[in-house]
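Structural characterization, general
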Amino acid sequence: MEVCANSLTSALAAQEGGAVRVEFCDNLPEGGTTPSYGQIKLAKELLHILVYPIIRPRGGDFLYSDLEFRIMKEDIKMCKSLNCDGVVIGILHANGSIDKERCAALIELARPMKVTFHRAFDMCNDLEKALEELIELGCERVLTSGAAASALQGAERLKALITQAAGRISIMPGAGIKTENIAEIIRITGATEFHASAKHAVKSDMQFRNPGLSMGTSADEFSYDLTDAATVKSLIELANSNS
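**Here we look at the packing of aromatic side chains**
Counting across every chain of the model gives zero aromatic pairs. The ring centre of Tyr-52 lies 5.6 Å from the NZ or CZ of Arg-21, which sits over that ring. The ring of Phe-69 carries Arg-102 above its face, with NZ or CZ at 4.7 Å from the centroid.

**Points about the sheet that holds strand S6 (residues 141–144)**
One open sheet accounts for four strands, arranged S4-S5-S6-S7; its pairing is parallel. Of all strands in the sheet, those with a lone pairing partner are strand S4 (86–89) and strand S7 (170–173), marking the two edges. Strand-to-strand twist of the sheet, defined as the mean angle between neighbouring strand axes without regard to direction, takes the value 25°. In this sheet, strand S5 (residues 114–117) lies alongside S4 in parallel orientation, the contact comprising four bridges. Across the sheet, residue Ile-89 finds its bridge partner in S5, namely Phe-117. Sheet strands touched by helix H6 (residues 155–165): S6 and S7. Its angle to S7, the strand with the most contacts, is close to 165°.

**Quick notes on unusual backbone geometry**
Here Arg-111 and Pro-112 are connected by a cis peptide whose omega angle stands at 10°. Along the chain, the position of Pro-112 falls in the loop between helix H4 (100–110) and S5. One non-glycine residue, Asn-83, lies in the positive phi region at around 65°. For Ala-166, which is not glycine, the phi dihedral falls at a positive 50°. Relative to the elements of secondary structure, Ala-166 occurs in the loop between H6 and S7. Residue Ala-166 is classed as exposed on the basis of its relative accessible area of 60%.

**Regarding the nonpolar core**
Ranked by size, the top nonpolar core spans 65 residues in total, and within it Val-22, Ile-89 and Phe-117 carry the most contacts. When residues of this core are assigned to their parent elements, the largest contribution, six residues, is made by helix H5 (residues 127–137). Apart from residues lying up to four places away in sequence, Ile-89 is in contact with Ile-55, Ile-76, Cys-103, Leu-106, Ile-107, Val-115, Thr-116, Phe-117 and His-118. Counting residues in hydrophobic clusters, the runner-up holds six residues, among them Cys-4, Cys-25, Leu-28 and Ile-54.

**Topic: the pattern of salt bridges**
Applying the stated criterion to the full structure yields 17 salt bridges. Arg-157 is the salt-bridge partner of Glu-128, the closest N and O atoms lying 3.3 Å from each other. Taken together, the residues Glu-128 in helix H5 and Arg-157 in helix H6 connect sequence positions 29 residues apart.

**Quick look at the layout of surface pockets**
Of the voids in this model, the largest pocket is the one considered here, and its volume is about 700 Å³. A breakdown of the residues in the lining of the largest pocket according to their chemical character gives 13 nonpolar, nine polar and seven charged.

**Examining the packing of helix H1 (residues 8–17) against helix H2 (residues 37–46)**
Pairs of packed helices are described in terms of their axes, by the angle between the two and the distance that separates them. It is at 10 Å that the axes of H1 and H2 come closest, and there the two elements cross at 25°. In terms of orientation, H1 and H2 fall into the roughly parallel class. In the crossing of H1 with H2, the sense of the turn from one axis to the other is right-handed. Residues Leu-8, Leu-12 and Gln-15 of H1 form the contact with H2, whose own contacting residues are Gln-39, Leu-42, Ala-43 and Leu-46. When grouped by side-chain class, the residues that make up the contact of H1 with H2 number five nonpolar, two polar and no charged.

Reading guide: rules and limits
Residues numbered from 1 in each chain as written. Predicted model: local features only at pLDDT ≥ 70, side-chain atom pairs only at ≥ 80, totals over all residues. Heavy atoms only, no water. Phe/Tyr/Trp six-rings, centres within 6.5 Å; stacked < 30°, edge-to-face > 60°. Lys NZ or Arg CZ within 6 Å of the ring centre and 35° of its normal. Pairing = 2+ DSSP bridges. Helix = DSSP H or I, 4+ residues; strand = E, 2+ residues; numbered from the N terminus. Axes fitted to C-alpha atoms, helices over the stretch in contact; angles between N-to-C directions. Contact = heavy atoms within 4.5 Å. Buried < 20%, exposed > 50% of the residue type's maximum accessible area, 1.4 Å probe, protein only. Core = buried A, V, L, I, M, F, W, Y, C linked by side-chain atoms within 4.5 Å. Salt bridge = Lys/Arg side-chain N within 4 Å of Asp/Glu carboxyl O. 1 Å grid on protein atoms, 1.4 Å probe; cavity = no way out; pocket = protein on both sides within 12 Å on 5 of 7 lines; lining within 4 Å. Points joined across faces, edges and corners; volume = space filled by probe spheres on them. Nonpolar A, V, L, I, M, F, W, Y, C, P; charged D, E, K, R; others polar. Parallel < 35°, antiparallel > 145°, perpendicular 65-115°, else oblique. Left-handed = near helix turned anticlockwise from the far one by under 90°.

This is the structure in structure tokens:
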């Protein structure tokens, strides 16, 4: 079980729940962006499980400018200097194919860290071709929903991708995995590792609240999501009992 941890607090909860690895990110509502130096540094000090920060300079699409690509390279250098176990990347061309040249440069720069390719894969124009390219590039795993809105909806496609991969790369289902559906996803796909945020809403303790403005786009700025250790534990127990 890999947990998508949106903060150091969530990463610690993931560890407590029994996760083996965190995809470490910030700004989860935007799909995850690279966490700060301070968060990554403390994560490596406080966690004994694997830490894989996402290398993503902004939300939105996966077509990056030259400047954004430079930022990604600097962030990989930072992660390497902090002894991270791996990184999570994904860069596409405008036509929906994988930007093999840039991805290869990031993978080479990341060594000896491992590399996961994130759900940019689900935005590719040809999943089967993209999978072969990621195997050729040397990625360790692919996080994917099978190009569907959720892993459950994409379960049959995930099954086909796992068959195609034939052990050459790990296919890790992610998106909308919950205690209510993980057994069904395992039954259909035969997958052996999973990705979930296992999050729940935490209410703010702020007593004074200015009703006249907001500081961002969130509908409720007086609650925030954190990973729940008990949910992580339940997901792992359900996965083990249905594998």
